[in-house]
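# Secondary and tertiary structure notes
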Amino acid sequence: MDLKKFLKHFKPAILPMIFVVILLVIQAYCDLSLPAYMSNIVNVGIQQAGIDCVTPEKAPKEEMEKIKLFMSKEEGDFVSSCYKSDTYKDKDIVVLKDNLSEKDSDRLAKTLEKPMLITYMLEKSQNGEIEDDSVSGEIDMGEFNKIMEQGVMDMTPENQGKFMYLTRNKDSETDLFQILPLFSEDTRSEITDLMNKQLEGFDKLGDDTVKQVVVQYTKDLMEEAGVDTGNIVLSYLFYAGLTMLGYAGAISLCMAIISLLSSIVGARFSKDIRSHAYSQIIQFSATEQGKFSNASLITRCTNDIQQIQMVLIMMMRMIIYAPILGIGALFKVTEMGAGMVWIIALVVGIILALVIILMTVAMPKFTILQKLVDRLNLVSREIISGIPVIRAFSREEYELDRFDTANKNLTKTNLFVNRVMAFMMPFMMFVMNGASVLIVWVGSNEIDAGGMQVGDIMAFIQYTMQIIMAFLMICMASIMLPRAFVSAKRLGEIYDTEISIKNPENPEKFNENEKGVVEFDNVTFAYPGANEAVLKDISFTARPGKTTAIIGSTGSGKSTLVNLIPRFYDVTEGCIKVDGQDIKSVTLEDLRGKIGYVPQKGVLFSGTIKSNIAFADENMPMEKVIRAAEIAQAKDFIEEKPKKYDTKISQGGTNVSGGQRQRLSIARAIANEPEILIFDDSFSALDFKTDVAVRKALSENTKDSAVIIVAQRISTVINADQILVLDGGELVGKGTHKELMENCDVYRDIAESQLSKEELQ
């Protein structure tokens, strides 16, 4: 199959598809952003009271001084430079400056985080509010006392006095934060290092968990400095929710536009390949058409194209989107660094194994499925079109069994495929739910160890579901793709069929000096693949104003001979000339424009009587239509109908009799006033009286046309100007009735078998 023939139909869809890809990227970005916002709502909005940074906007000055105790002088000076002094309810507070750069803000947060954690833990421990030793630890009093003793010795005399007063005051407990400022910076640094070691859980906690602990302290500081933290929570949740709503709206808008564009592109692509297929079929000669059944061609141009259209739409909606979403979600979970990526790898491996198994089992059935659809259409078409014959021979039961067999075979294959695919969805849901349970189980241990937060687990589950959904979409596509590939292959068989009868590369024009002259020059013809020629060395000339009749026994090649003139087949040897020009050297349109052809079986099209007679030219004047009907002896029965020439004709002309259908076919051939009129046993459906009347009218009104008649009845050809007698594909007699009766035994035998001696004379 030549893919170029398919791909050329994609050219008009390139820009819409690029736009669709852009929209899919936007949709994926919005989809991938929602879990992060949901995680932030839980982690920051709920657990951290909407405070996203450890840096307090406002704080009591006294508390900030405590925090600075666990910093170096340089760090303390930097923190002081970021705040300005203020008061709240007669209490000294500090307020964060508005003009801080992003770099300074990040540095401030990192500088404050560790000292704030130590301060917060010590305050809680000192107040007896922390009982979990895994977090706070127990201070090594021997080491601590050693540092304190050395620190006291290094104090100034004034500070030593203050230290002695604070530690010997029996009225209250010693406040660690009162005595720490008395020590030198080096001593405080040693105490800070010792406290860091004693906070056993500090180094093991994840950054988000540490931040969550410190933010609680930030909240307390801000509340003491007069900040309404409740309003911060509501504001954070409102804006986060509003942002998520905006992303959801963007996703809906993208999906709507993508659905619209994909439907338009799919419909137009189907229209193009259907038009291409039909234009190819229209050019088929009888040789090419014999390679396909009518039912198969109909199935290929309807059901097969529909399969391709569905996959194209699915590709634009899902197949392109799935890898974008899956890869994006994979990057997101990798960035989270949660240590649970192995769960996704496990789930993806299971899904891939399932897809491979399903495709191995189901793939061969898709090829069989389309052939079974062909078979069912063929049987249905034969039964419906042959109902009168079936009833006449009482074969209803047999035909019902034949249809039932084709129907059951198709149903059986469909059920097998659907059962295999039905197994996939429950298994996928099991995998998805199993993955969620596994993530919660592993994630709960991570939360307990301080490596993750609740919101992170929720986001991880969402990203995992997005990855699984991406694979699920690919799985659904993998179901449709094989069937579409089979359909594309079947359509490709139509496209790849070489047209044997086509226009010449450099067509010539007809000789205007000769009109209506048909000349056979030593014509021999054999059907493709046949071992024997059907026609052998045929030579004759049909001239305008003359009637050439062809007669012979059944199978002698009469219809084949006239089918060579409009190039339904091409001659094997010799040549046929029309108006002095080899018919292979002119275009098919020019050649067939000179010919009026009436087949053995009258074929009418759905429409009206007028549209059928004026089939060659829809703008044909009514006078020509009426004149053609009159010559074909169809005017009388047309005039009897209530709507006359506007009477509706059903498909195939089933609402008129066989004789009426044949007369309308004759009128259709005459109406365009062709130079050559070919009647392929077209008078067999007419009664003797009508036959005579039609031939008489033809002789009177077609004096400028060459008339070629194929007939079985001697009465039809007896008055012809030239009669050709065929026997076994050979021309055994040529002449008038009288001449042939004298010198052609074959003609004489046919004539005597049909007419009495008196009638012949």
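To start, this report covers the structure provided alongside it. (Residues numbered from 1 in each chain as written. Predicted model: local features only at pLDDT ≥ 70, side-chain atom pairs only at ≥ 80, totals over all residues. Heavy atoms only, no water.)

A few words on the overall build of the protein. The secondary structure content of the protein amounts to 30 helices and 15 strands. A total of 761 residues make up the protein; the buried ones form 46% of that total. In the protein, the proportion of contacts linking residues at least 24 apart, taken out of those at least 6 apart, comes to 78%. Element-wise, carbon and sulfur atoms account for 54% of the exposed surface of the protein, whose accessible area totals about 39,500 Å². (Helix = DSSP H or I, 4+ residues; strand = E, 2+ residues; numbered from the N terminus. Buried < 20%, exposed > 50% of the residue type's maximum accessible area, 1.4 Å probe, protein only. Contact = heavy atoms within 4.5 Å. Areas by Shrake-Rupley, 256 points an atom, 1.4 Å probe, with all protein chains shown as cover.)

Turning our eyes to something else, we now look at unusual backbone geometry. A positive phi is found at D537, a non-glycine position, where the angle reads about 50°. Residue class for D537 comes out partly exposed when judged on its relative accessible area of 48%. Of note in this structure, E673 is not a glycine but carries a positive phi near 50°. Residue placement: E673 occurs in the loop between helix 25 (658-671) and strand 12 (676-680). What makes E673 partly exposed here is its relative accessible area of 47%.

Inspection of the secondary structure puts I678 in strand 12. Relative accessible area serves as the criterion here: at 0%, I678 is assigned to the buried category. Taking the C-alpha atoms as reference, I678 lies 9.2 Å from N563; in sequence the two are 115 residues apart. With sequence-adjacent residues up to four places away left out, I678 is seen in contact with V562, I565, P566, I595, G596, Y597, V598 and I708.

Right, let's get into a negative patch on the surface. A cluster of like negative charges, contributed by D154, E185, D186, E190 and D193, occupies part of the molecular surface. With respect to the helices and strands, the residue E185 is situated in helix 10 (residues 185-198). On the basis of relative accessible area, E185 is assigned to the partly exposed category, the value being 35%. (Patch = residues over 30% accessible without salt bridge, like charges linked within 9 Å, V, L, I, M, F, W, Y side chains within 5 Å. Salt bridge = Lys/Arg side-chain N within 4 Å of Asp/Glu carboxyl O. Lys, Arg positive; Asp, Glu negative; His and termini not counted. Charge placed at Lys NZ, Arg CZ, Asp CG, Glu CD.)

So, on to the packing of aromatic side chains. Given two aromatic rings, their pairing is described by the distance between the two centres and the angle made by the two planes. Following the criterion strictly, the structure yields 10 aromatic pairs and no others. Ring centres of F238 and Y239 lie 5.3 Å apart, and the angle between their planes is 80°; on these two criteria the pair is classed as edge-to-face. A residue is classified by how much of its surface remains accessible, and Y239, at 53% relative accessible area, is exposed. Between the aromatic rings of Y527 and Y569, the centroid separation amounts to 5.2 Å while the plane-to-plane angle is 85°, which identifies the pairing as edge-to-face. Placement of the pair is Y527 in the loop between strand 4 (518-525) and strand 5 (535-542) and Y569 in the loop between helix 20 (558-563) and strand 7 (573-578), with a sequence separation of 42 residues. Given a relative accessible area of 15%, Y569 falls into the buried group. Pairwise contacts between aromatic rings join Y29, Y37 and Y247 into one cluster. (Phe/Tyr/Trp six-rings, centres within 6.5 Å; stacked < 30°, edge-to-face > 60°.)

Here 3 strands make up an open sheet; going across it, the order is 1-3-2 and the pairing antiparallel. For this open sheet the edge positions go to strand 1 (58-60) and strand 2 (83-88), each flanked by a neighbour on one side alone. Looking at each pair of strands side by side, their axes are set apart by 35° on average, direction ignored. Set on the sheet, helix 3 (residues 61-68) makes contact with strand 1, strand 2 and strand 3 (91-96); between it and strand 1 the angle comes to about 85°. (Pairing = 2+ DSSP bridges. Axes fitted to C-alpha atoms, helices over the stretch in contact; angles between N-to-C directions.)

Let us now look at helix 15 (residues 321-336). End to end, helix 15 covers 23 Å across 16 residues, agreeing with the expected 22 Å (1.5 Å per residue, within 8%). When we look at burial in helix 15, the residues that qualify are Y321, A322, L325, G326, G328, A329 and V333. Buried residues of helix 15, seen end-on, are gathered within an arc of 170° and therefore sit on one face of the element. The outward face of helix 15, more than 90 degrees from its buried face, is lined by the exposed residues F331 and E335. (Expected span 1.5 Å × (residues − 1). Arc of directions from axis to C-beta.)

Right, let's talk about the environment of V233 for a bit. With respect to the helices, strands and loops of the structure, V233 is situated in helix 12 (residues 229-283). Through-space distance from the C-alpha of V233 to that of A49 is 5.1 Å; in sequence the pair is 184 residues apart. Not counting residues within four places of it along the chain, the set of residues in contact with V233 comprises G45, A49 and G50.

Bringing the pattern of salt bridges into the picture now. In total, this model carries 13 salt bridges according to the counting rule given. Of the charged contacts, one joins D272 and K271 as a salt bridge, the two residues approaching to 3.3 Å between their closest N and O atoms. On the accessibility criterion, D272 (24% relative accessible area) is partly exposed. Salt-bridge contacts for R402 lead to E399; the nearest nitrogen and oxygen are separated by 3.0 Å. Here the residue R402 and the residue E399 both occupy positions in helix 18 (residues 396-448), the gap between them amounting to 3 residues, near one helical turn. With respect to burial, R402 and E399 carry one shared label: buried. One network of salt bridges, in which partners are shared, links D579, K594 and E675.

Taken N-terminus to C-terminus, the directions of helix 2 (residues 14-46) and helix 15 make an angle of 35°; their axes are 10 Å apart at the nearest point. Helix 2 and helix 15 meet at a crossing whose hand is right-handed. Residue-level inspection shows L24, V25, Q27, A28, D31 and L32 of helix 2 in contact with helix 15, the latter providing Y321, I324, L325, G328, A329 and K332. Across the contact of helix 2 with helix 15, the residue classes tally to 8 nonpolar, 2 polar and 2 charged. (Left-handed = near helix turned anticlockwise from the far one by under 90°. Nonpolar A, V, L, I, M, F, W, Y, C, P; charged D, E, K, R; others polar.)

On to the environment of K648, then. Here K648 lies in strand 11 (residues 648-649). Overall, the relative accessible area of 59% leaves K648 in the exposed class. Placed 41 residues apart in sequence, K648 and G607 show a C-alpha to C-alpha distance of 5.7 Å. Excluding its chain neighbours within four sequence positions, the residues that come into contact with K648 are G607, T608 and N655.

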